Amino acid sequence: MSCEQCREREAVIHLTQIVNEQVTTLHLCELCAAEKGVESPGASPKTPLGTFLAAMGQELPEQTPVPRTGDNCPRCGGSLQDFRESGRLGCSECYRSFEVPLRDLLRRLHGSTHHLGERYAEGSGSFAPPDRPRATDLREQLRLAVETENFELAAELRDRLRVME
Amino acid sequence: MIDLSLLTDGGVGWLDASGPSSHLVLSTRIRLARNLAGRVYQGRNSESEREDILQTVEAAARDTVLLRRAIKFRLDRLDRNDRQLLHERHLVSKELAGLDADGRVRSGASLLVQDRLGVMLNEEDHLRLQGLHSGFALDAAYAEVDRLDAELGQRLAFAFHSEFGYLTSCPTNVGTGLRASVLIHLPGLVLTKEISKVLQGLAQVGLTFRGLYGEGSEVVGNFFQLSNQTTLGSSEFELLDHLGKMVRQVMDYEEQARQVLLRDAPAIIEDKVWRAYGLLRYARALSFEEAMNLLSGVRLGVGVDLIPDVGMYTLNKLLVYTQPAHLAASEGIAPADPDLPVRRAQFVRKVLESEVGRRG
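What comes next is a walk through the structure. Here the structure is a predicted model, which is why all the values come from computation and not from measurement.

1. Some thoughts on the overall build of chain B
Scanning chain B from N- to C-terminus turns up 11 helices and 10 strands. Over its C-alpha trace chain B gives a radius of gyration of 21 Å, about what one expects of a compact globule, namely 21 Å for 360 residues. With respect to the three principal axes, the spread of C-alpha positions in chain B is 65 × 45 × 35 Å. Contacts spanning at least 24 positions in sequence make up 71% of the contacts within chain B whose residues lie at least 6 apart. Entry remark: accessible area of chain B is about 13,600 Å², with carbon and sulfur atoms responsible for 50%. The positive charge centre, built from 42 side chains, and the negative charge centre, built from 47, are 2 Å apart in chain B.

2. Observations concerning the overall build of chain A
Along the backbone of chain A there are seven helices and four strands. The buried share of chain A, reckoned over its 165 residues, is 39%. Of all intrachain contacts in chain A linking residues separated by at least 6 positions in sequence, the fraction that spans at least 24 positions is 35%.

3. Concerning the environment of Pro335 of chain B
All names here are of chain B. Mapping Pro335 onto the fold places it in the loop between helix H10 (324-331) and helix H11 (340-358). Overall, Pro335 belongs to the partly exposed group, its relative accessible area being 22%. Sequence-wise, Pro335 and Phe73 are 262 residues apart; in three dimensions their C-alpha atoms are separated by 21 Å. In contact with Pro335, other than residues within four places in its own chain, are Asn81, Pro324, Ala328 and Leu340.

4. Concerning helix H3 (residues 138-155) of chain B
A rise of 1.5 Å per residue sets the reference length of H3 of chain B, with its 18 residues, at 26 Å; its end C-alpha atoms lie 26 Å apart and thus fit the reference within 8%. Within the sequence span of H3 of chain B, burial applies to Leu138, Ala141, Tyr142, Glu144, Val145, Asp146, Leu148, Asp149, Glu151, Leu152 and Gly153 of chain B.

5. What about the nonpolar core?
In this structure, Ile30, Leu127, Leu152, Ile184 and Phe224 of chain B are the most contacted members of the largest nonpolar core, which totals 54 residues. By size, the runner-up hydrophobic cluster in this structure holds 43 residues, among which are Leu212, Ala276, Ala283 and Val351 of chain B.

6. Here we look at the side chain of Thr28 of chain B
Residue and element names in this part refer to chain B. Secondary-structure assignment places Thr28 in strand E1 (residues 25-34). Residue Thr28 is classed as buried on the basis of its relative accessible area of 0%. A polar contact of 2.9 Å, which involves the side chain of Thr28, links it to the backbone nitrogen of Ala137. Setting aside its immediate chain neighbours within four residues, Thr28 contacts Gly131, Leu132, His133, Gly135, Phe136, Ala137, Leu138, Ala141, Ser181 and Val182.

7. Some points on the interface of chain A and chain B
With 46 residues of chain A at the interface, the matching set in chain B holds 56 residues. At the boundary of chain A with chain B, total buried surface from both sides reaches about 4,200 Å², with 53% on carbon and sulfur atoms. Linking chain A with chain B are four salt bridges, by the criterion used here. Ionic pairing is found between Glu95 of chain B and Arg88 of chain A, a salt bridge with its closest N-O pair at 2.6 Å. Along the contact surface separating chain A from chain B lie 23 residue pairs in polar contact (both at pLDDT 80 or more). Going through the elements one at a time, strand E1 (13-19), strand E2 (22-28), helix H3 (80-86), helix H5 (99-110), strand E4 (126-127) and helix H7 (151-164) of chain A are the ones with two or more residues in the side of chain A that touches chain B. In terms of residue count, H5 of chain A provides more of the side of chain A that touches chain B than any other element does, seven residues in total. Class assignment for the residues of the side of chain A that touches chain B results in 16 nonpolar, 17 polar and 13 charged.

8. Section: the state of the cysteines
Enumeration according to the criterion identifies zero disulfides over all chains in this entry. Distance from the sulfur of Cys94 of chain A, which forms no disulfide, to the nearest cysteine sulfur (Cys76 of chain A) is 3.6 Å. A relative accessible area of 2% places Cys94 of chain A in the buried class. No disulfide involves Cys170 of chain B; its nearest neighbouring cysteine sulfur is the one of Cys94 of chain A, lying 13 Å away. A relative accessible area of 10% places Cys170 of chain B in the buried class.

9. Some points on unusual backbone geometry
Most of the time, phi is negative for any residue but glycine, and the peptide bond is trans. Residue and element names in this part refer to chain B. A positive phi is found at His90, a non-glycine position, where the angle reads about 65 degrees. With respect to the helices and strands, the residue His90 is situated in the loop between helix H2 (80-88) and strand E3 (110-114). Even without being glycine, Asn222 reaches a positive phi, approximately 60 degrees. By the secondary structure assignment, Asn222 is in the loop between strand E9 (207-210) and strand E10 (223-228). Look at Asn222 and you get buried, because its relative accessible area is 8%.

10. So, the sheet that holds E1 of chain B
Residue and element names in this part refer to chain B. Pairing in this open sheet of eight strands is antiparallel, and the strands run E2-E3-E4-E5-E1-E8-E10-E9 from one edge to the other. Here the strands that pair on one side only, and so sit at the sheet edges, are strand E2 (71-74) and E9. Looking at each pair of strands side by side, their axes are set apart by 20 degrees on average, direction ignored. The strands touched by helix H1 (residues 47-62) are E2, E3, strand E4 (117-121) and strand E5 (127-134); relative to E2, the strand with the most contacts, the crossing angle is about 170 degrees. Where helix H5 (residues 195-204) meets the sheet, its contacts fall on E9 and E10, and the angle it forms with E10 comes to roughly 15 degrees.

11. A short note on the pattern of salt bridges
Tallying each qualifying case throughout the model produces 29 salt bridges over all chains. The residue Asp76 of chain B makes a salt bridge to Arg74 of chain B at a minimum N-O spacing of 2.8 Å. For Arg74 of chain B, a relative accessible area of 10% puts it in the buried group. Here the salt bridges do not stand alone but share partners, grouping Arg88 of chain A together with Glu95, Arg106, Glu123, Glu124, Asp125 and Arg128 of chain B into one network.

12. Structural notes on the pairing of E5 of chain B
All names here are of chain B. Within E5, eight of the eight residues are buried, which leaves it mostly tucked inside the rest of the structure. Residue alternation in E5 divides its side chains into two sets, Leu127, Leu129, Gly131 and His133 and Arg128, Gln130, Leu132 and Ser134, and both sets are buried. For E1 and E5, the ladder comprises eight bridges, and the chain directions are antiparallel. Residue Arg31 lies in a different strand from E5, and its bridge partner there is Gln130. With five bridges joining them, E4 and E5 adopt antiparallel strand pairing. Looking at E5, one finds that Leu121 is bridged to Leu127.

Criteria and thresholds
- Residues numbered from 1 in each chain as written.
- Chains lettered and ligands numbered in written order.
- Predicted model: local features only at pLDDT ≥ 70, side-chain atom pairs only at ≥ 80, totals over all residues.
- Heavy atoms only, no water.
- Helix = DSSP H or I, 4+ residues; strand = E, 2+ residues; numbered from the N terminus.
- Rg over C-alpha atoms; globule rule 2.2 N^0.38 Å.
- Contact = heavy atoms within 4.5 Å.
- Areas by Shrake-Rupley, 256 points an atom, 1.4 Å probe, with all protein chains shown as cover.
- Lys, Arg positive; Asp, Glu negative; His and termini not counted.
- Charge placed at Lys NZ, Arg CZ, Asp CG, Glu CD.
- Buried < 20%, exposed > 50% of the residue type's maximum accessible area, 1.4 Å probe, protein only.
- Expected span 1.5 Å × (residues − 1).
- Core = buried A, V, L, I, M, F, W, Y, C linked by side-chain atoms within 4.5 Å.
- Polar contact = N/O pair within 3.5 Å; in protein donor to acceptor, adjacent residues only side chain to side chain.
- Buried area = accessible area lost by both parts, 1.4 Å probe.
- Salt bridge = Lys/Arg side-chain N within 4 Å of Asp/Glu carboxyl O.
- Nonpolar A, V, L, I, M, F, W, Y, C, P; charged D, E, K, R; others polar.
- Disulfide = S-S within 2.5 Å.
- Pairing = 2+ DSSP bridges.
- Axes fitted to C-alpha atoms, helices over the stretch in contact; angles between N-to-C directions.

Here it is, written out as structure tokens:
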């Protein structure tokens, strides 16, 4: 989609606003948006995850010795750089290959890294019934949270368990 | 052209306005993202791998109760108008329909659909299970998609991580893979200029909004799609419960805003909704956007009992059938035909006239 202002450059900023009681969306390129005084989210983010990914890139060198940005997932060949550009991972194995930065990203995106929903039992192909085993899962996660001194998560899990029991 | 009459209800059962709170909520949608274990995701796989995924999932689906009689649409073998038609019916995403900026359809991009349930194949994730219900019906819609998930999960190996849950191509969907969204009409909040505050409030409690056609789409006709932002760290029940509570609150705000408008500016509101009705009834050319905005005005008028002769079902029908691909298909012209606004106005006039006639 091209910019509604200059009709030349690609529109990268989509501004929803209310004008004369109508909700309208303006599609602008970065330059025209800046002229209109609309704050640009910055040059790097190309995806909805942009900010997170950009932040992740900055922190990577200090925080995570393995894998380095240039390393590739052994299963699909994708790299963190590919992920930053497309916002998408190449395969399920990427979650293992890039576990450290992804764990950090998941925490920032969702406020947690622990799946608390229905569990898929591989092999048998059946679901664990959602009620009782779920409490067991929560207890296990609570134990882990206490062990790793993640008290915020522990308190949250304790509250959930209280509601269930 | 594709024959959508093959679908029991044309795939638009959700617009019959039969669901709960359908004066405010058009539809409720549930989507679950799933990937097959051990297979590379869409962004890095090959044409033959996508074909294999399609065959594997279709074979599994034909073995289920819920998708045994599913109609299959291969988006990669349909022309642009037909793909747009499916997109306008909210059956496929913009990405799957190849209506994004690059306009290319991925090979293997397909849809299996039966009644209110469907599976998009070779979308961003291998499978996107979805269910679409009329009105505000989170629990019913989820229960159905959940049953389909269980049926497919018994026949396919899904990528699942003991800590992260269901693995998805984009980390924003990981965990439950659940996106629940409610398409709600909020003209009262827009008119009273309360909408930004409400939307900001929703963002603070982990919810997000999109336009009429979901991700990346604009808000038209005061329709907002409200949905959960996070998918990990809460159970499906908690996510649905939270969204449900917040939507109920937004519905209350909307009702209050309408009351305020009727109390403080009755003449303005009455003029506004009848003016919208008048334009729809007599205009000779209507752009899609104008039609959407006028329909929004009439919908408000019907909602606050100012306009008695129009049903919600009629308004929903107009909403769907005045969209470019739908209108073009029924009129037998191209969606880019310059005559489209004239045909749109004709169509709207005809529907409204027959509605009034029918009601005497």
